[in-house]
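What follows is the residue order along each chain.
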Amino acid sequence: MHTLFHDWIGFVHLMASILALASGTQLMWIKKGTKLHKQIGYFYTIHMLIVFLTSFFIYRLFGGFGIFHIAAVAGFLTLLAGMIPVITKKPKGKWLGLHYSFMYWSVIGLFAAFVSETLTRIPETPFYGMLSLSTFGVMLVAAICFVRLLKRWNKRYMPEKKLGHH
């Protein structure tokens, strides 16, 4: 019988993933820069760190380091690239755009992982085919949305760009 998790690490990983997915989704829709945004943002960050940490104790699928571990490293680097600018407020004039961009892709990476994890569990479907299809599909839709969102974010949160000052 297949289960969603096989031990306490898997359970913690799943719960942290669900909390990160819920908070990351909420961050996409709420007003940026508010106290609530910051609180949910740190909640998301902490749960993503738990997801990344626990992922390196899960080896059941491949018996060792696998493609999901590579994705976890990429996800961790994306999260870090999104958090460092907001904490340091550097580089001056660009940190906010870097924060928005990298945090957007952090959440999208989590969505891609969720869809991949879900579709690869469908019995009698090709694992790598479903993994590729789901990841590519999520990233394609996300890239199209990103172009639209970036224009909106620049107008709303970076008025100097709207006025043509860089």
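Reading the values: rules and limits
Residues numbered from 1 in each chain as written. Predicted model: local features only at pLDDT ≥ 70, side-chain atom pairs only at ≥ 80, totals over all residues. Heavy atoms only, no water. Helix = DSSP H or I, 4+ residues; strand = E, 2+ residues; numbered from the N terminus. Buried < 20%, exposed > 50% of the residue type's maximum accessible area, 1.4 Å probe, protein only. Areas by Shrake-Rupley, 256 points an atom, 1.4 Å probe, with all protein chains shown as cover.

What follows is about the overall build of the protein chain. Each helix and strand counted, the protein chain has six helices and zero strands in total. When the elements of the protein chain are put in sequence order from the N terminus, they spell out α-α-α-α-α-α. When burial is assessed residue by residue, the protein chain has 34% of its 166 residues classed as buried. Looking at the protein chain as shown, the accessible area adds up to about 10,800 Å², and 72% of this sits on carbon and sulfur atoms.

Turning to unusual backbone geometry, a few remarks are in order. Outside of glycine, negative phi angles account for most residues, and trans bonds account for most peptide bonds. Here the bond from K90 into P91 is cis, since omega is 0°, no more than 30 degrees from zero. Positionally, P91 belongs in the loop between α3 (67–88) and α4 (95–119). Even without being glycine, K89 reaches a positive phi, approximately 60°. Tracing the backbone through its elements, the reader meets K89 in the loop between α3 and α4. For E124, which is not glycine, the phi dihedral falls at a positive 60°. Within the fold, E124 resides in the loop between α4 and α5 (127–157). You can call E124 exposed: its relative accessible area is 85%.

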